[in-house]
Each structure stands twice: as structure tokens, then as C-alpha cells.
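Geometric and topological summary
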Amino acid sequence: MANNYLQFSEVFSFVGSEQREWFERFLPLLQQDALEEEEHGLRLQDLRELTVFLKANQGVFDQLESEIENGCFVDYVIEKDEERDEELVWVKSEEGSDFFPFCCLLHIFMHRFGVNDPWWLTWASWCSQPRVSEFSGGAVVVSLRGVWAHSVDDWVGKQLEILREDENPPVSFDCGRCNNKKLSTSFLHEIAGIAVCPSCFTLAMDEIKQAEDLEARKERNA
Ligand SMILES: [Zn+2]
């Protein structure tokens, strides 16, 4: 038997009782059954209205809402760092804990309190047995603009795509003279090393011929 784990541990620092109250109001939404049904509905509605009012990223709120509706679980602690006179939200991986809903909520928090600095979290995915291909990880970045999560598997996929493109260049071309794009290379013509479509080629040939005729006439009249 092997177990797979998603692991992370990160803190977000904040200052003041107003920010603490905000977290205390909305963080329980990220824990299934932490609130009575009516209270849950009220706080979610507040968050929805706040997102619209603050012009936070609506897509991020929609993702958060669907995570909450599906019964997400985020393990967190709000605590005070006495030495630095800061308060912290500590998000960490316990059994079944996820970080993504917290990141979405944090995006709305950043809008509410004008936090300009991005925040990020890195995670590890690992397995209790050395099973092939079952070790991974990734990172998520949260800012006023949105939430971006990427696993190393996403990264590998992108690199493979780039390599494949290099090996198999596209079988179409864009005309260098007009707006014709993605033409089949069977129509490819060239003028002075520039790839052009057949009609631009014909036009260019006419222009060259006219210019030559003009030159010839000038010479005759000279
Ligand atoms: Zn053309």
C-alpha cells in the first residue's frame, strides 16, 4: 500500500484588528461544516458583493465559490508573532487540506486592504513508496490581478510542446505584403526573399513590368 500526499506550509502576515476580523469572518467558509447553513450563506453573499464592489477578479471568486460549494477544507491557524508584532495566517497541509481556496480568498483580501505585494506558496506532491512518476510539486502566485497555479507537470507539458513545434514547423505562412494569414505553403511565392500570396505576387510582377516599361520609354525619349 502506498499513500500520496500534497504538502505545503506557508504564512501570510498581516497587521491590525480589522484585517484579523476579516479573516475570522471569511476563513471559516473554507472549512466544510464550520458554520451554520444560514450563516454560511450570509458570509458567502457578503464575499460575492465585496468582490463586485472592489472590482476583484470575478473568475477568482467563481472558482472560490465552486470550491466552497464542493466542501473544500483548508487547514489554517491565525496567530500572533510577538517578536515581529505581526499577525499570521498559517496555511498547512493536514489530511485532505487544500491551499487553492485560501489563495482565492487572499486575492479578495488584497483588494479589500490594498495589498500590492504578491504572495506565493510552493507545494510538494509525494508518495510514501518510490512509485514511478508519483513525485511532483508546483507553485501558486496570488496578486491583485489574480491567482496562478502551475505544477511541474504543466511545465513539462509546455516544454514538450515547444520542442515539438521546433521539430515540426508550421505548414502555413503569412503573406509578407497583405493581410492574408496562415496560407498553405503550396501557394508560396517569393519576391526578394519575402514570402507572398499568389495575388500579391501577380501585383508585384505587374509593378515591376510597369517600372521596366517606364524606364524603357524614358531611354527611348532621351
Ligand atoms: Zn498577399
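Residues numbered from 1 in each chain as written. Predicted model: local features only at pLDDT ≥ 70, side-chain atom pairs only at ≥ 80, totals over all residues.

1. Concerning helix α2 (residues 37-54)
The end-to-end C-alpha distance of α2 is 26 Å, a good match for the 26 Å that 18 residues give at a rise of 1.5 Å each. Looking one or two places after α2, you find Lys 55, whose phi comes out positive at around 60°. (Helix = DSSP H or I, 4+ residues; strand = E, 2+ residues; numbered from the N terminus. Expected span 1.5 Å × (residues − 1).)

2. Some words on the sheet that holds strand β1 (residues 4-7)
Spatial ordering of the open sheet is given by β1-β5-β6-β7, a layout of four strands whose pairing is antiparallel. At either margin of the open sheet sits one strand with a lone partner, and together these are β1 and β7 (147-151). Between one strand axis and the next, the sheet turns by 15° as a mean value, whatever way the strands run. Bridge count between strand β5 (residues 119-127) and strand β6 (residues 136-142): seven bridges; the pairing is antiparallel. Bridge pairing links Trp 119 to Val 142 in β6. Against the sheet, helix α4 (residues 100-113) makes contact with β5, β6 and β7, and its axis sits at roughly 15° relative to β6, the strand it touches most. Running at roughly 75° to β7, helix α5 (residues 152-167) makes contact with β6 and β7 of the sheet. (Pairing = 2+ DSSP bridges. Axes fitted to C-alpha atoms, helices over the stretch in contact; angles between N-to-C directions. Contact = placed C-beta atoms within 7 Å.)

3. So, the domain arrangement of the chain
With domains assigned, the chain is organised as domain 1 (4-156) and domain 2 (169-221). Between the C-alpha centres of domain 1 and domain 2 there is a distance of 58 Å. (Domains from an automatic or database assignment.)

4. Details of the sheet that holds strand β3 (residues 75-81)
Strand order across the open sheet formed by three strands is β2-β4-β3, with antiparallel pairing between neighbours. The sheet terminates laterally at β2 (9-14) and β3, the two strands that pair on one side only. For this sheet, the mean angle separating the axes of adjacent strands, direction not counted, is 25°. Running at roughly 165° to β3, helix α1 (residues 17-26) makes contact with β2, β3 and β4 (86-92) of the sheet.

5. Here's the deal with the packing of α2 against α4
Two elements in contact, α2 and α4, have axes whose closest approach is 10 Å; the angle formed by their N-to-C orientations is 55°. With respect to their mutual orientation, α2 and α4 come out oblique. The crossing of α2 and α4 is left-handed. Facing Leu 47, Leu 50, Thr 51 and Leu 54 of α2, the residues of α4 in contact are Ile 108, His 111 and Arg 112. Of the residues contributing to the contact of α2 with α4, the split by class is four nonpolar, two polar and one charged. (Parallel < 35°, antiparallel > 145°, perpendicular 65-115°, else oblique. Left-handed = near helix turned anticlockwise from the far one by under 90°. Nonpolar A, V, L, I, M, F, W, Y, C, P; charged D, E, K, R; others polar.)

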